[in-house]
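Okay, here's what each chain looks like letter by letter:
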Amino acid sequence: WLNEWKPEDNDFWEEKGGKIAWKALIITTITLVLSFATWFMMSAIVTRLNGVGFNCSKEQLFWLAAMPGLAGGTLRIIHTFLIPIYGTRHVISISTFIKILPVVGIGLAVMDVNTPFWVFMVLALTAGFGGGDFSSYMPSTNLFFPTRLKGAALGIQAGIGNFGVSLAQFMTPIMFGVALVGAPQIFSKTNTATGEVVSKEIYLQSASFWYVPFLLIMTVVCWHYLKSIPIKAGFKEQLDIFKDKHTWYCTVIYFMTFGTFAGLA
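Remember, predicted model here, so these are calculated numbers, not experimental data.

(A) Expanded view of the pairing of strand β1 (residues 185-190). Pairing of β1 with strand β2 (residues 197-202) involves six bridges; the strand directions are antiparallel. When the sheet's bridge partners are listed, I186 is paired in β2 with E201. Taking the residues between adjacent antiparallel strands as the criterion, β1 and β2 are bridged by six residues, where G195 takes a positive phi near 80°.

(B) Structural context of the side chain of T31. Note on placement: T31 falls in helix α1 (residues 10-49). Under the relative-accessibility criterion, T31 is labelled buried at 1%. Not counting the four nearest positions on each side in its chain, T31 is found in contact with I92, T96, Y137, M218 and C222.

(C) Expanded view of the side chain of D133. Looking at the secondary structure, you find D133 in the loop between α7 (129-132) and α8 (134-144). Given the relative accessible area of 1%, D133 is considered buried. In this view, D133 contacts L32, S35, H79, S95 and K99; residues no more than four positions away in its chain are not counted.

(D) Geometry of the nonpolar core. Membership of the largest hydrophobic core comes to 65 residues, with the highest contact counts inside it found for W5, L49 and Y211. If one sorts the elements of this core by residue count, α1 sits on top with 19 residues. What L49 contacts, discounting residues up to four positions off in sequence, is F54, L61, L64, V110, F120 and L204.

(E) Quick peek at the packing of aromatic side chains. On inspection of all chains with the given rule, the structure shows 18 aromatic pairs. With a centroid separation of 4.9 Å and 80° between ring planes, the pair formed by W22 and F145 is classed as edge-to-face. Taken together, the positions of W22 in helix α1 and F145 in the loop between α8 and α9 (147-161) put the pair 123 residues apart, joining distant regions of the chain. Ring geometry for W210 and Y211: centres 4.5 Å apart, planes at 35°, overall tilted. You can call W210 buried: its relative accessible area is 11%. Grouped by ring-pair contacts, the aromatic residues F36, W39, F40, F134, Y254, F258 and F261 constitute a single cluster.

What counts and how
Residues numbered from 1 in each chain as written. Predicted model: local features only at pLDDT ≥ 70, side-chain atom pairs only at ≥ 80, totals over all residues. Heavy atoms only, no water. Pairing = 2+ DSSP bridges. Helix = DSSP H or I, 4+ residues; strand = E, 2+ residues; numbered from the N terminus. Buried < 20%, exposed > 50% of the residue type's maximum accessible area, 1.4 Å probe, protein only. Contact = heavy atoms within 4.5 Å. Core = buried A, V, L, I, M, F, W, Y, C linked by side-chain atoms within 4.5 Å. Phe/Tyr/Trp six-rings, centres within 6.5 Å; stacked < 30°, edge-to-face > 60°.

Structure follows, in structure tokens:
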């Protein structure tokens, strides 16, 4: 925990505050990219499950794609209250490390065609860890910066952080062709024009395993370089936000904007 934090004091900001704040923004933004990427990886992986030997119905595949979103939205409610209680260093470090669970779990699950559907559902739920992070990362950044820079800092973090969705969709097909761990699977697909069945080797597990080293590295970086601001508030103290009508107005607007973005992505 920092001993003092006075971002509105120009002398304090110029002397040391700015360096600490911008360093925190860089580190947390990188980890937020990984949060969004691991949150959306399941939606890219499910498109190949049946092709490698699983027998999921369309409804089951849609549930696997939707579960991380449902879990992430619920976890955001919890993450909202964490920073003033536990501080930036602990919350961000643990949030980064805990995403090892879904990326390793999903990687192992797709290597065995006998993995039951309920296991995939549990793992898809844990992928929601990445979605919940947003509601603790943004309040953390808000505390670090003076009023005149809050908008810029939050815009940078949210904008670049959301790039993790693109990262998952872009890198997943690429990683299917990279042998990281385990044997390849035979992916079969019917050519709708000719009716011919085309088969090729892919490494479905690589689409999740490749996040592991980056998550481990960023966990260490977060633990050693992030600081916590000495502003504390208990859970009950933070409930005042529900009395503010603007909380509800912004919630409805955000539901429509990010909801459509996340859903369509």
